[in-house]
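Working through the structure, step by step
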Amino acid sequence: GILLGRRISFFCGWPMSQPFSPLSSATDRSKQAYVFDHALHFSPSTGEFVAVPFADADSDSSLPNAVTVVTWNVMIDTMSGKPYKPDIAHHTERYPAVCATLEALSPDVIALNEVTSGWLDFIMEQPWVRTKYYLLFDLGGSRQAFGNVILTSWLPSSATSVRTAVPRRPPLAVSLFGGSLWIISTHLAARSNRMEARRNELARLQQWLKEELFFFDKQTTSLAEEENVPNNSTGATTSSGVGSTREQRPAEACSVVILGDLNFHSEHENVLIPDKFEDLVGPTGRPTFDAHLNLMIDHLWALGFEHRRMRLDRLLLSTTGKWTCQEDTTPPVKVIGDTPIYPDGITVQQQRTKQQPRKRTWVHNPVDVFKRAAQCVCDDVLGVDVAVRRPPKQQYLMPSDHFGLMVQLKLKQKLPQPKL
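Okay, so let's go over this structure. None of these values were measured; they are calculated from a predicted model.

1. Some remarks on the side chain of Thr152
Along the chain, Thr152 turns up in strand β11 (residues 147–152). One polar contact links the side chain of Thr152 to the main-chain carbonyl oxygen of Trp154, over a distance of 3.0 Å.

See the structure below:
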């Protein structure tokens, strides 16, 4: 595959050889953040992805009037090195459905969560990716891990992999237009009982924003100093070290978008949203993890007890900077990837829209519980597919267990168009 060949020498967040590693030469992941030294772009002349140095700082006159951004948790296809429920999720059919949706939307920036090495391999084979986008990714520190990918139609100005409490999927921060717009693809800790873990991860991200972009305040102490971490002996640049390759900007000079699967399991967790940021969707927005309308969720989770509808995925935009939400569109944030892959599934989904969403309950028919339990044991423990009470894939298969979000950002003051 691409990732194992000479075309890409960076695999799952670790440098493997020079000169094609998107990260700097650092291999010590104990620092707060690592600075990329280039993006990847497909070269038709070589037939390979090649390293492209980042763009110089752009002037305001070169800024586009609008930028369309998509975030989507596209769902892993492997876990701990093994295929993840392939008889239910049918990843080889989900891959093309996700890519077809993104190609049709043709956004300017695409931020993806839960991308594995196999997923990345498939993405990099797509002609529309090779034609239009620059690529940055960090899949964590293991060949069995997954992480974040950002595709951008503009050559970035810089990129950083930010260390948080979950080193397997660190937030990936990419700046555009000389740092006037930052996109931070984020995937926080899962499960409803891990709110404090998510709080800590966001605190780490806020600390990095303080030091790099002067958000929140200008007088801060680096985590490296607080934790007494020595300088990187390899000479790689860290966000808290001397010699950062990025220009530090005050908060009013740049806009920041924190987006992705933040795993907020209830609206109560909105208290975790950092100061100076607003939720572009709001509490009345559609859930992106929707057990009522996402037909695949019924079959992915044990015993079919997953009935929740949650806004796990968010788009948080800083209230400072040059960019704002395109409010003249209705709705300003659109849900994507919410249509079943097959026509039979669309029919089932339409029937569900006429029904009331199920409430979370543990009262089930004992016979049904026994059959579901038998299915879980056979599928997950013994590796045997017994297909207990599972309809044909044509009736439930979705592109992912999450829906995605798309928003268009615009300049707060529209730039005058040059006269022809």
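2. Focus: helix α5 (residues 195–213)
When the terminal C-alpha atoms of α5 are compared, their 26 Å separation across 19 residues agrees well with the 27 Å that a helix rising 1.5 Å per residue should span. Among all positions of α5, only Met195, Ala197, Arg198, Glu201, Leu202, Leu205, Gln207, Trp208, Leu209, Glu211, Glu212 and Leu213 are buried.

3. Things to note about the pairing of strand β15 (residues 255–261)
Of all seven residues in β15, seven are buried, a share of seventy percent or more. Bridge count for strand β14 (residues 181–187) against β15 is seven bridges, and the pairing is parallel. Within β15, the position partnered with His187 by the bridge is Asp261. Relative to strand β19 (residues 313–318), β15 runs antiparallel, the two being bridged by five bridges. By the bridge assignment for β19, Leu259 is matched with Leu315.

4. Observations concerning the pairing of strand β22 (residues 404–411)
Burial of β22 is extensive: six of the eight residues sit out of reach of the surface. Inspection of the sheet shows strand β6 (residues 66–73) paired to β22 by six bridges, in the antiparallel sense. Its bridge partner being in β22, Ala66 is matched across the sheet by Lys410. Judged from the three bridges that link them, strand β20 (residues 323–325) and β22 form a sheet pairing that is antiparallel.

5. Thoughts on the environment of Gly178
One can find Gly178 in the loop between β13 (172–176) and β14. Taking the C-alpha atoms as reference points, Gly178 and Ala55, separated by 123 residues in sequence, lie 7.6 Å from one another.

6. Here we look at helix α2 (residues 91–105)
With 15 residues, α2 extends 21 Å between its outermost C-alpha atoms, agreeing within 8% with the 21 Å of an ideal straight helix rising 1.5 Å per residue. For α2, the secondary structure elements touched by its buried residues are β6, α1 (86–89), β9 (109–115), α3 (117–124) and α4 (127–132). Directly beyond the C-terminal end of α2, a positive phi value near 50 degrees is found at Ser106.

7. Topic: the sheet that holds β13
Spatially, seven strands are ordered β3-β12-β13-β14-β15-β19-β16 in an open sheet, and the strand pairing comes out mixed. With partners counted over all chains shown, the strands left at the sheet margins are β3 (33–35) and β16 (277–279), one partner each. Between one strand axis and the next, the sheet turns through 20 degrees on average, direction left out of account. Summarising the sheet, β3 and strand β12 (residues 158–162) pair through three bridges and their orientation is antiparallel. Within β12, the residue paired with Val35 across the bridge is Thr160. In this fold α5 packs onto β3, β12, β13, β14, β15 and β16, with an angle of close to 160 degrees to the strand it touches most, β14.

Reading the values: the criteria
- Residues numbered from 1 in each chain as written.
- Predicted model: local features only at pLDDT ≥ 70, side-chain atom pairs only at ≥ 80, totals over all residues.
- Heavy atoms only, no water.
- Helix = DSSP H or I, 4+ residues; strand = E, 2+ residues; numbered from the N terminus.
- Polar contact = N/O pair within 3.5 Å; in protein donor to acceptor, adjacent residues only side chain to side chain.
- Expected span 1.5 Å × (residues − 1).
- Buried < 20%, exposed > 50% of the residue type's maximum accessible area, 1.4 Å probe, protein only.
- Pairing = 2+ DSSP bridges.
- Contact = heavy atoms within 4.5 Å.
- Axes fitted to C-alpha atoms, helices over the stretch in contact; angles between N-to-C directions.

Geometric values such as these leave the question of function open.
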